[in-house]
Amino acid sequence: MKLTTWNVNSLNVRLPQVLDWLKANPVDVLCLQELKLPDERFPLEAFQEMGYHAHWAGQKTYNGVALISREPGTDVQRNLPNYEDPQQRLLAATYPSPDGPVRVICAYCPNGQSLESEKYTYKLEWFAALHDWLEKELQQYPRLAILGDYNIAPADQDVYDPVKWGVDVLVSPPERAAFERLLALGLHDAYRLFEQSGSPFTWWDYRRFAFRRDAGLRIDHALLSDALKARCTACDIDREPRANEQPSDHAPVTATLSFS
């Protein structure tokens, strides 16, 4: 069972790239972030023609998340039930596996903008609400995966230049503490379960030839519960789509689960 997260930074712009990638990489669940389109403009037929099902939470211009899956999802949850928020940032559904139901959550976590911004306060509040909700979700769904753009680089090894970034947004101590609180619930960073080689980054700024210089951050993550950690055999970052013409600034990240 392959679970992938990809911030596509506008599904309108990137739909052909997403479909091409999905044809070459027929994963079981694809979590998309930053759809940047309203519900009525979601390209459902394009995915159905490939044999996929979809659930989505759209928003005009900003945000938006979707779950694209080979099997239909059940028990769909749109947004955090314990945090009133007009921004469409979270979608959860349950999928079958040989071990039993697997809860997959797609999250587009707030960016925060700057340490002085109200958006930073909102980010920390949102993560606190996410923590409290996940604590209950894990009790109901022991096989749980939450994938998405967390907008947090958990450690200095996830930053191309830790000195330059200092304690700025995306790497500040309160943000990293919020990430650690999620792990303390019994979740595991799938990428760090394995000895990795090469660049760990999943996001590169469009400016200053950042991708060419590999000046990136690892801010897209797949967190797995104890039960799924035991089934995880790999976690990979696919850099190739970032080299496309008009690419997203993020790369897909795939966690592979083996139930054999």
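First things first, this report covers the structure right here in the doc. (Residues numbered from 1 in each chain as written. Predicted model: local features only at pLDDT ≥ 70, side-chain atom pairs only at ≥ 80, totals over all residues. Heavy atoms only, no water.)

1. A short note on unusual backbone geometry
Line of reasoning, step 1. With a phi angle near 55°, Glu-34 is a residue other than glycine that sits in the positive phi range.
Line of reasoning, step 2. Topologically, Glu-34 is positioned in the loop between strand S2 (29–33) and helix H2 (44–48).
Line of reasoning, step 3. Note on Glu-34: relative accessible area 12%, which makes it buried. (Helix = DSSP H or I, 4+ residues; strand = E, 2+ residues; numbered from the N terminus. Buried < 20%, exposed > 50% of the residue type's maximum accessible area, 1.4 Å probe, protein only.)

2. A look at the pattern of salt bridges
Line of reasoning, step 1. On inspection of all chains with the given rule, the structure shows 12 salt bridges.
Line of reasoning, step 2. With a closest N to O distance of 3.0 Å, Arg-103 and Glu-137 form a salt bridge. One end of the pair, Arg-103, is in strand S7 (residues 102–108); the other, Glu-137, is in helix H3 (residues 118–140), with 34 residues separating them in the sequence.
Line of reasoning, step 3. Connected through shared salt-bridge partners, Asp-158, Asp-189, Arg-192 and Arg-218 make up one network. (Salt bridge = Lys/Arg side-chain N within 4 Å of Asp/Glu carboxyl O.)

3. Thoughts on the pairing of strand S12 (residues 220–225)
Line of reasoning, step 1. Taking burial as the measure, the 6 residues of S12 include 6 buried ones, the bulk of the element.
Line of reasoning, step 2. Judged by which residues are buried, S12 turns out to be covered on both faces: Asp-220, Ala-222 and Leu-224 on one side and His-221, Leu-223 and Ser-225 on the other are all buried.
Line of reasoning, step 3. Alignment of strand S8 (residues 144–149) against S12, held across 5 bridges, turns out to be antiparallel. In the strand pairing of S12, Gly-148 is matched with His-221.
Line of reasoning, step 4. Bridge count between strand S9 (residues 187–189) and S12: 3 bridges; the pairing is antiparallel. Each bridged residue has a counterpart across the sheet, and for Asp-189 the counterpart in S12 is Leu-223. (Pairing = 2+ DSSP bridges.)

4. A short note on the packing of aromatic side chains
Line of reasoning, step 1. With the rule as written, the count across this model stands at 7 aromatic pairs.
Line of reasoning, step 2. With a centroid separation of 5.8 Å and an interplanar angle of 20°, the aromatic rings of Phe-42 and Phe-47 are classed as stacked. Here Phe-42 matches Phe-47 in class, with each residue buried.
Line of reasoning, step 3. The interplanar angle of 70° and the centroid separation of 5.7 Å between the aromatic rings of Tyr-150 and Phe-179 together place this pair among those described as edge-to-face. Taken together, the residues Tyr-150 in the loop between S8 and helix H4 (162–165) and Phe-179 in helix H5 (residues 173–184) connect sequence positions 29 residues apart. Both residues of the pair, Tyr-150 and Phe-179, count as buried. (Phe/Tyr/Trp six-rings, centres within 6.5 Å; stacked < 30°, edge-to-face > 60°.)

5. A few points about the state of the cysteines
Put plainly, two cysteines are in a disulfide when a covalent bond ties their sulfur atoms together.
Line of reasoning, step 1. A full pass over the atoms with the stated rule returns 0 disulfides.
Line of reasoning, step 2. Cysteine Cys-106 remains unbridged, with the sulfur of Cys-31 as its closest cysteine sulfur at 4.5 Å.
Line of reasoning, step 3. On the basis of relative accessible area, Cys-106 is assigned to the buried category, the value being 0%.
Line of reasoning, step 4. Residue Cys-235 stays outside any disulfide, its sulfur separated by 6.2 Å from that of Cys-232, the closest cysteine.
Line of reasoning, step 5. You can call Cys-235 buried: its relative accessible area is 2%. (Disulfide = S-S within 2.5 Å.)

6. Let's talk about the side chain of Thr-5
Line of reasoning, step 1. Considering the arrangement of structural elements, one finds Thr-5 in strand S1 (residues 2–7).
Line of reasoning, step 2. A distance of 3.0 Å separates polar atoms of two side chains, one belonging to Thr-5 and the other to Gln-33.
Line of reasoning, step 3. Separated by 3.3 Å, the side chain of Thr-5 and the backbone nitrogen of Gly-148 make a polar contact.
Line of reasoning, step 4. When near neighbours in sequence (up to four residues on either side) are disregarded, Thr-5 contacts Cys-31, Gln-33, Leu-147, Gly-148, Asp-149, His-221, Ala-251, Pro-252 and Val-253. (Polar contact = N/O pair within 3.5 Å; in protein donor to acceptor, adjacent residues only side chain to side chain. Contact = heavy atoms within 4.5 Å.)

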